[in-house]
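The residues making up each chain are set out below.
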Amino acid sequence: MSASELAERVLELARGRGELEVVVQRERSSLARFAASEVHQPTLVDDTVVQLTILREGRTGSASTNGTGDEHLARLVERAATAAASGTPEQGLGLTPPAPLPDVAGFDEATAALSAGDLAELAGAAIGGTGDLDAYGFVTSGDCELVVRSSAGVEAAQRFTDVTVLSIAAGAGVSGYATRSSWASGDVDPAAVGRESAEKAQRTSDAADLEPASYRAVLEPYALGELLQWFAYSAFNGLAFAEERGYLAGRLGDRVFDPKVSIADDALDPRGLPKAFDFEGTPKARVPLVEEGVARGVAWDRVTAARAGVRSTGHALPLSSRSFGPLPLALSVAPGEAASIDELVELVGDGVYVTRLHYLGVVDPREGILTGMTRDGTFRIRDGKVAEPLVNLRFTVSVPELLSEVPGLTREVALVNQSDFYDERYPFGALVPALATARFAVTGTGSGPGL
Amino acid sequence: MKALCEAAVEAALGAGADYADARAVSRRSQRVETKNGRVDALSDSESEGIGVRVLLGGAWGFACDRRISVEGAREAARRACDFASAAPGAHARALAPADPQTGSYRTPVSRDPFAVPLEEKVELCLRAEEALTSPDVTVRSAFVRARRELRLFVSSDGASLEQELVECGGGIDAVATRDGLYQLRSYPSAHGGSSAQAGWEYVEALGLAEEAPRVAEQAAALLRADRCPAGQTTVVVDAEQMQLQVHESVGHPTELDRIYGTEAAYAGTSFLGPDDLGTLRYGSEHMNVTADPTTPLGLGSYGFDDEGVPAQRQPIVRDGVLRGLLTSRETAARIGSGSGGSMRADGWSRMPLVRMSNLHLEPGQGSFEELLDGIDSGIYLETNKSWSIDDKRLNFQFGTQIAWEIRNGQLGRMLRDATYTGVTPVFWGSLERVAGPETWRMHGLTNCGKGQPGQFAHVSHGASPARFRDVQVGVST
């Protein structure tokens, strides 16, 4: 039974129980994780999850199963109906109305056809790319389908593929990082990723300490992507906005960043991991969040939008994460004028160069303050050039302050994978350039590069 | 389901595996969330499937299938073997010997959480949340959760095990906002309340509604509190924040897979080396940490781990010296001691990893008040708000929801936005005292992330409040 047929079957079984919304997620994925240049954790997953939400007299309840037989589906209906009967009534929520869906890219036959053996070969290529250094990382590919059908007439279905290669090349006191993602395996060269990580690693030996202070800095796309992902959790989240715990609450229309900074959520961009609709069947569209430094909007799903008196922007998460609030999972930062990262390094003159970040934490969501560490490629910038390697730095930054003075961004943007593949697979990532900032607050130092 | 596991192991051996194990898991989860007087989420999920792990020519393979059928089990075994055969690298993996176990384990339960009507769960949340009502509290929320998991395990070594783990929990949060300030207070723990392996009696005993007025009052009071000042001072850390401190700066670094670098690509490695066992001074003589998957109510309790090794209590740090590591059969073989016992997988679709079970800071002596005695000037820190630690688990920075000034051995004014930072062995080396057993509290958390693809582990930590000297507090941008 196809995913769409399965959704239709659930609608049939639940007919008469109320307003119905069915979401089917099908996943066939492989992930070959390697360490010390050997694959040590391969995971091959084959799963289908069916979620049913019932709205009856203003009460909402949901249930899910990964069994697709009629007995599983009958139990699914009963559990969802029981949940719906136990809720509190709330008027005005309703189901998502049907709407035309955008045509998007995002599916590649060759990626869908990758076998376990193919994946092992790709992992071997990534490992080979690190040369004399040991490789740590993974190669993963997925062939997934998302279907949303409802009694309101929504009939949305999309099959999408994804592939990510991540490599940390490491040896005694050295480590470097690189990663590439795409929805087409032909766009990703695992050996090149391995080589990039090794090239970075070889420049990190004898890392120096650094005095905590505010520095000018260059953030590679990996670092900027992760910083914005964590900032977005509350800043661009409609629920956090409504509850006045997100940075943009009360600041729409205000200048919040340097005019060079524009951020949208754009799931339609074929350079990213395109999606046509969200987990409620609402069509995706480009949503401006910050335009030339001015706060313009946040992400909404059906329920948070209804309560706030606005329209959903198509950012409903999977049911299991819905209480987190709607999130922009396709952040897109407008490029700048710099022809290369080296040009940003020149603009910074004296400061620090950050390849990637590690273990971020939200210190104060209202003020957009995050902390975390740099890792696998941190360098001093002197006289407009990348200079000696540094130990891992602890930073504690106000993201709005970091983005308040931006000397430049690169013309080129990179797709940075932002999924850690918890729960059912739903690949997503951000399109980000490298960025130079005048304010990067280093508040401590940690261990050096390497394992 | 046991027959499916046997079929999978047989198929794997037939395909050339030197070792194989199969786990069939059936999981049901239920969650009720209320916010500002209405039900915000009401969900009930089921998931089942089989995961097959093989060792073939020294290489691992793992595949899973949601179908509870012989066909699905054999298909997963075949795919796992296919991958292991093709895996790049020179493999020489071995497993520490383990006596094949047969038996079962069940969580002791007085009231089955799934027999509690949803209406009762909703009512409990609404009542607790109502009790959070306060003028400056703008978001009141409460939740309860339950999970039952049936796990069958069969290995080619002869293990055949059945376990039923039942857990439930809940929590409340009060968000206070005013003039652009945002403050949060939680009970019984931050980031998802607290859960235990127990029946519904655990949730009823949490006393969510009874604690709510204090939680709301503190959230509102934080809006008017002074910001925690910056400086180096003596800190007293409450039991709950100590649990996080133990988790991040003792639990993860002592996972032997991290020490060997197999988690380098995601969660990171460790400042420890295998040779540090038995010699490394982790902290002061007051530091005693124990791993114990047999702890009653522990969210990380089990009869057998996901390699079929019996649960065993194990000292990790004794009198400040590193005495134990968390291991799998493979990593135990590498250090040539032990038999593993800390391997856990998230459901049926993930490969087991070295994980914490229940990891406790052992209590010291004396009351909370005695812990404050002799502190002329310091800070008391309570309930985690933010956390971050470096890839080797050395440099950490944690924030707490609330703090108080300590003056002349007494708690003084309330402080907001407190943070503290340190380096793991230096921080633990500054441990001056741990309060006694009467102050020891255990909470269970459900959001410990590790692995690629990601896995959540459910773990419990117990701790008493503890006192540290010369700690940097009040980090700012």
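Please read all numbers here as calculations on a predicted model, not as lab measurements.

Caption draft 1: Spatial organisation of the domain arrangement of chain B. Residue and element names in this part refer to chain B. If you check the domain split of chain B, you get domain 1 (2-224) and domain 2 (227-473). For domain 1 and domain 2, the distance between their C-alpha centres works out to 21 Å. Taken together, the contact between domain 1 and domain 2 spans 53 residues of the former and 48 residues of the latter. Taking both sides of the interface into account, the surface hidden between domain 1 and domain 2 amounts to around 4200 Å²; carbon and sulfur atoms contribute 53%.

Caption draft 2: Broad picture of the interface of chain A and chain B. With 88 residues of chain A in contact, the opposing surface of chain B contributes 80 residues. Buried surface at the junction of chain A and chain B, summed over both partners, amounts to about 6800 Å²; 50% is from carbon and sulfur atoms. Looking only at chain A, the three residues that lose the most surface to chain B are A:Leu44, A:Tyr359 and A:Tyr422, adding up to 11% of its buried area. Here chain A and chain B share 9 salt bridges between them. B:Arg38 serves as the salt-bridge partner of A:Glu90, at 3.3 Å between the closest nitrogen and oxygen. For the side of chain A that touches chain B, the per-class residue count stands at 32 nonpolar, 37 polar and 19 charged. Here strand 3 (residues 59-65) of chain A pairs with strand 2 (residues 38-56) of chain B via 3 bridges, running parallel. Bridge assignment links A:Ala63 to a residue of strand 2 of chain B, and that residue is B:Asp44.

Caption draft 3: Quick peek at the pairing of strand 1 (residues 19-35) of chain B. Residues and elements named next belong to chain B. The element strand 1 is extensively covered by neighbouring structure, given that 13 of its 17 residues are classed as buried. Bridge count for strand 1 against strand 2 is 17 bridges, and the pairing is antiparallel. Residue Arg27 lies in a different strand from strand 2, and its bridge partner there is Ser47. Hairpin connection, strand 1 to strand 2: the antiparallel pair is bridged by 2 residues, and Asn36 has positive phi, about 45°.

Caption draft 4: Spatial organisation of the packing of aromatic side chains. By the definition in use, this model includes 25 aromatic pairs over all chains. Here the aromatic rings of A:Phe395 and A:Phe440 are separated by 5.4 Å at their centres, their planes lie at 35°, and the arrangement is tilted. Here A:Phe395 is found in strand 15 (residues 393-398), whereas its partner A:Phe440 is found in strand 19 (residues 435-445), with 45 residues between them in sequence. Here the aromatic rings of B:Tyr380 and B:Trp404 are separated by 5.9 Å at their centres, their planes lie at 25°, and the arrangement is stacked. Placement of B:Tyr380 in strand 17 (residues 377-389) and of B:Trp404 in strand 18 (residues 395-407) is noted, with a sequence separation of 24 residues between them. With respect to burial, B:Tyr380 and B:Trp404 carry one shared label: buried. Site record: aromatic cluster; members linked through ring pairs are B:Phe396, B:Phe398, B:Tyr420, B:Phe427, B:Trp428 and B:Phe468. Lying across the ring of A:Phe160, A:Lys275 places its NZ or CZ 4.8 Å from the centre. We note A:Lys275 situated over the ring of A:Tyr426; from NZ or CZ to the ring centre the distance is 5.0 Å.

Conventions and cut-offs
Residues numbered from 1 in each chain as written. Chains lettered and ligands numbered in written order. Predicted model: local features only at pLDDT ≥ 70, side-chain atom pairs only at ≥ 80, totals over all residues. Heavy atoms only, no water. Domains from an automatic or database assignment. Contact = heavy atoms within 4.5 Å. Buried area = accessible area lost by both parts, 1.4 Å probe. Salt bridge = Lys/Arg side-chain N within 4 Å of Asp/Glu carboxyl O. Nonpolar A, V, L, I, M, F, W, Y, C, P; charged D, E, K, R; others polar. Pairing = 2+ DSSP bridges. Helix = DSSP H or I, 4+ residues; strand = E, 2+ residues; numbered from the N terminus. Buried < 20%, exposed > 50% of the residue type's maximum accessible area, 1.4 Å probe, protein only. Phe/Tyr/Trp six-rings, centres within 6.5 Å; stacked < 30°, edge-to-face > 60°. Lys NZ or Arg CZ within 6 Å of the ring centre and 35° of its normal.

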